[in-house]
Amino acid sequence: MNTAVIFAGGVGSRMHSKDLPKQFLKMHGKPIIIHTLELFEDNPEIDNIVVSCVADWIDYLKKLVGKYNLKKVKLIVKGGNSGQESIFNGLKAAEIVGDRKNDIVLIHDGVRPLINSKTISDNIASVKKNGSAITSVKVKETILIVDKDESITQV
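All of these numbers come straight from a predicted model, not from anything done at the bench. (Residues numbered from 1 in each chain as written. Predicted model: local features only at pLDDT ≥ 70, side-chain atom pairs only at ≥ 80, totals over all residues. Heavy atoms only, no water.)

**Student:** If you had to explain the overall build of the chain to someone new, which residues and values would you point to?
**Tutor:** In terms of helices and strands, the chain carries four helices and eight strands. The helix and strand sequence of the chain, counted from the amino end, reads β-β-β-α-β-α-β-α-β-α-β-β. The principal-axis extent of the C-alpha atoms belonging to the chain is close to 55 × 45 × 30 Å. Sorting the 155 residues of the chain into buried and exposed places 39% on the buried side. Of the roughly 10000 Å² that the chain leaves accessible, carbon and sulfur atoms contribute 52%. The averaged location of the 18 negative side-chain charges in the chain is 3 Å from the averaged location of its 22 positive side-chain charges. (Helix = DSSP H or I, 4+ residues; strand = E, 2+ residues; numbered from the N terminus. Buried < 20%, exposed > 50% of the residue type's maximum accessible area, 1.4 Å probe, protein only. Areas by Shrake-Rupley, 256 points an atom, 1.4 Å probe, with all protein chains shown as cover. Lys, Arg positive; Asp, Glu negative; His and termini not counted. Charge placed at Lys NZ, Arg CZ, Asp CG, Glu CD.)

Below you can see the structure in the form of structure tokens.
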């Protein structure tokens, strides 16, 4: 089986999101986390989804899962104090819904909905072939190289 662990344990403190954790902010009329979950829900190779979520918002997320009819979401567990802890909690939940020795587990950030089904399938294929996979994209930011005086030497 293939299980997606979606970590959404953050509250968006760097975004200064006061009313809602960032994963529940709306984008095109839906919470960001729902866009992300739908990508995995709609991929035929994904069997289960577990989500690690901010503890105080688990019930809210459960209502959203019902509202958007996300059948592959099997467990929603408490996130951690860091992304690593949230991933760990999600991995422990993945053990409950699957088989630790035989399953493929994909880990994805709940506030990163800009992937596609092909990327998910390519990662599964890579794990089957190579034992692991990671998704990356070309850097799009401007990179500045500075000298010891912090003067820009190259762009």
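**Student:** Describe the sheet that holds strand β1 (residues 2-8), and please don't skip the residues or the numbers.
**Tutor:** In spatial order, the strands read β5-β4-β1-β6; together these four strands make up an open sheet with parallel pairing. In this open sheet, the two strands that pair with only one neighbour each are β5 (73-78) and β6 (104-109). Averaged over all pairs of adjacent strands, the angle between their axes in this sheet comes to 20°, without regard to strand direction. Pairing of β1 with β6 involves six bridges; the strand directions are parallel. Residue pairing for β6: Ile 6 is matched across the bridge by His 108. Against the sheet, helix α1 (residues 32-42) engages β1, β4 (48-53), β5 and β6, with an angle of about 175° to β1. Strand contacts of helix α3 (residues 83-97): β1, β4, β5 and β6, with the helix running at about 150° to β1, the strand carrying the most contacts. (Pairing = 2+ DSSP bridges. Axes fitted to C-alpha atoms, helices over the stretch in contact; angles between N-to-C directions. Contact = heavy atoms within 4.5 Å.)

**Student:** Lay out the pairing of β1 in plain terms, naming residues and giving numbers.
**Tutor:** Counting buried positions along β1 gives seven out of seven residues, so the element sits mostly inside the fold. Taking every second residue as pointing to the same face, both faces of β1 are buried, with Asn 2, Ala 4, Ile 6 and Ala 8 on one and Thr 3, Val 5 and Phe 7 on the other. Alignment of β1 against β4, held across six bridges, turns out to be parallel. Looking at β4, one finds that Val 5 is bridged to Val 50.

**Student:** Help me get a handle on α3, residues and values and all.
**Tutor:** Its 15 residues place the ends of α3 21 Å apart at the C-alpha level, agreeing with the 21 Å of an ideal helix rising 1.5 Å per residue. Residues Ser 86, Gly 90, Ala 93 and Ala 94 constitute the buried set of α3. Relative to the axis of α3, the buried residues are bounded by an arc of 110° and lie together on one face. Of the surrounding secondary structure, the elements contacted by the buried residues of α3 are β1, β4 and β5. (Expected span 1.5 Å × (residues − 1). Arc of directions from axis to C-beta.)

**Student:** Quick rundown of the side chain of Glu 38? Include the residues and the values.
**Tutor:** Residue position: Glu 38 is located in helix α1. Classification of Glu 38 by relative accessible area gives buried; the value is 17%. Once residues within four sequence positions are removed from consideration, Glu 38 is found in contact with Lys 30, Tyr 68 and Leu 70.

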